[in-house]
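One-letter residues, chain by chain:
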Amino acid sequence: MPYRLAADAILVVHLGFVLFALFGGLLAAWWRGFLLLHPPAAVWAIFVELTGRGCPLTGWEQQLRLRAGEAGYSEGFVEHYLLPLLYPDWLTLPVQYVLAAFVLLVNLAIYAWVWRRRRRR
């Protein structure tokens, strides 16, 4: 049971990281400290998508699930609602390139907005 809970916790952290990598630039408008945290997260997300490498969080989660005695994902709340967001069936390398470009464009737009907003002050 503790391994499964740890795997579920990693999955939630993973989802949080994905959302932070995509939209974390918005937090920079609220607190400047995010300007130090967000760019490395976005760069890492783009790197993972472009290279096709798996995120270490995925490996850790899978190892914990194996230690919990699971052969795959069971149909719990976390697995049913969060796994499809992180591991969709249609995810291929060309789609990963598009996702990386999307993350980059969204973040460039957000940072341009934050920069213009701060410049006006």
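These numbers come from a predicted model, not from an experiment. (Residues numbered from 1 in each chain as written. Predicted model: local features only at pLDDT ≥ 70, side-chain atom pairs only at ≥ 80, totals over all residues. Heavy atoms only, no water.)

## Section: the overall build of the chain
Here is step 1: Assigned secondary structure in the chain consists of six helices and zero strands.
Here is step 2: In the chain, which comprises 121 residues, the share counted as buried stands at 35%. (Helix = DSSP H or I, 4+ residues; strand = E, 2+ residues; numbered from the N terminus. Buried < 20%, exposed > 50% of the residue type's maximum accessible area, 1.4 Å probe, protein only.)

## Here's the deal with the packing of helix H2 (residues 34-51) against helix H6 (residues 93-120)
Packed helix pairs are characterised by how far apart their axes lie and by the angle those axes make with each other.
Here is step 1: Remark: H2 packs on H6, axes separated minimally by 8 Å, with the N-to-C direction vectors making an angle of 160°. In terms of orientation, H2 and H6 fall into the roughly antiparallel class. Where H2 crosses over H6, the handedness of that crossing is left-handed. Counted together, Phe-34, Leu-35, His-38, Pro-39, Ala-42, Ile-46, Val-48, Glu-49 and Leu-50 of H2 and Leu-93, Gln-96, Tyr-97, Leu-99, Ala-100, Val-103, Leu-104, Asn-107 and Tyr-111 of H6 form the full contact between these two elements.
Here is step 2: Its residues assigned to classes, the contact of H2 with H6 shows 14 nonpolar, three polar and one charged. (Axes fitted to C-alpha atoms, helices over the stretch in contact; angles between N-to-C directions. Parallel < 35°, antiparallel > 145°, perpendicular 65-115°, else oblique. Left-handed = near helix turned anticlockwise from the far one by under 90°. Contact = heavy atoms within 4.5 Å. Nonpolar A, V, L, I, M, F, W, Y, C, P; charged D, E, K, R; others polar.)

## Examining the packing of helix H1 (residues 2-30) against H6
Here is step 1: It is at 8 Å that the axes of H1 and H6 come closest, and there the two elements cross at 5°. Judged by the inter-axis angle, H1 sits roughly parallel to H6. Side by side, H1 and H6 meet where Ala-21, Leu-22, Phe-23, Gly-25, Leu-26, Ala-28 and Ala-29 of the first sit next to Phe-102, Val-103, Val-106, Asn-107, Ile-110, Tyr-111, Trp-113, Val-114, Arg-117 and Arg-118 of the second.
Here is step 2: Of the residues in the contact of H1 with H6, the class split is 13 nonpolar, two polar and two charged.

## A short note on the nonpolar core
Here is step 1: Of all hydrophobic cores here, the largest spans eight residues; its members are Leu-22, Ala-29, Ile-46, Ala-100, Val-103, Val-106, Ile-110 and Val-114.
Here is step 2: Elements represented by at least two residues in this core include exactly H1 and H6.
Here is step 3: Here this core takes five residues from H6, the largest share from any one element.
Here is step 4: Setting aside residues up to four positions removed in sequence, Ala-29 forms contacts with Trp-113, Val-114, Arg-117 and Arg-118. (Core = buried A, V, L, I, M, F, W, Y, C linked by side-chain atoms within 4.5 Å.)

## Structural notes on the confidence of the model for the chain
Here is step 1: With 89% of its residues at a pLDDT of 70 or more, the chain has an overall mean of 84.
Here is step 2: Scored below 50 in pLDDT, residues 74-78 shows eight contacts in the model against residues more than four places distant or in partner chains. (pLDDT = per-residue confidence, 0-100.)

## What about the side chain of Asn-107?
Here is step 1: As for its position among the elements, Asn-107 is in helix H6.
Here is step 2: Its relative accessible area of 6% is what places Asn-107 among the buried residues.
Here is step 3: Here Val-103 takes part through its backbone oxygen, which lies 2.8 Å from a polar atom of the side chain of Asn-107.
Here is step 4: With residues up to four places along the chain from it excluded, the contact list for Asn-107 reads Ala-21, Leu-22, Gly-25, His-38 and Ala-42. (Polar contact = N/O pair within 3.5 Å; in protein donor to acceptor, adjacent residues only side chain to side chain.)

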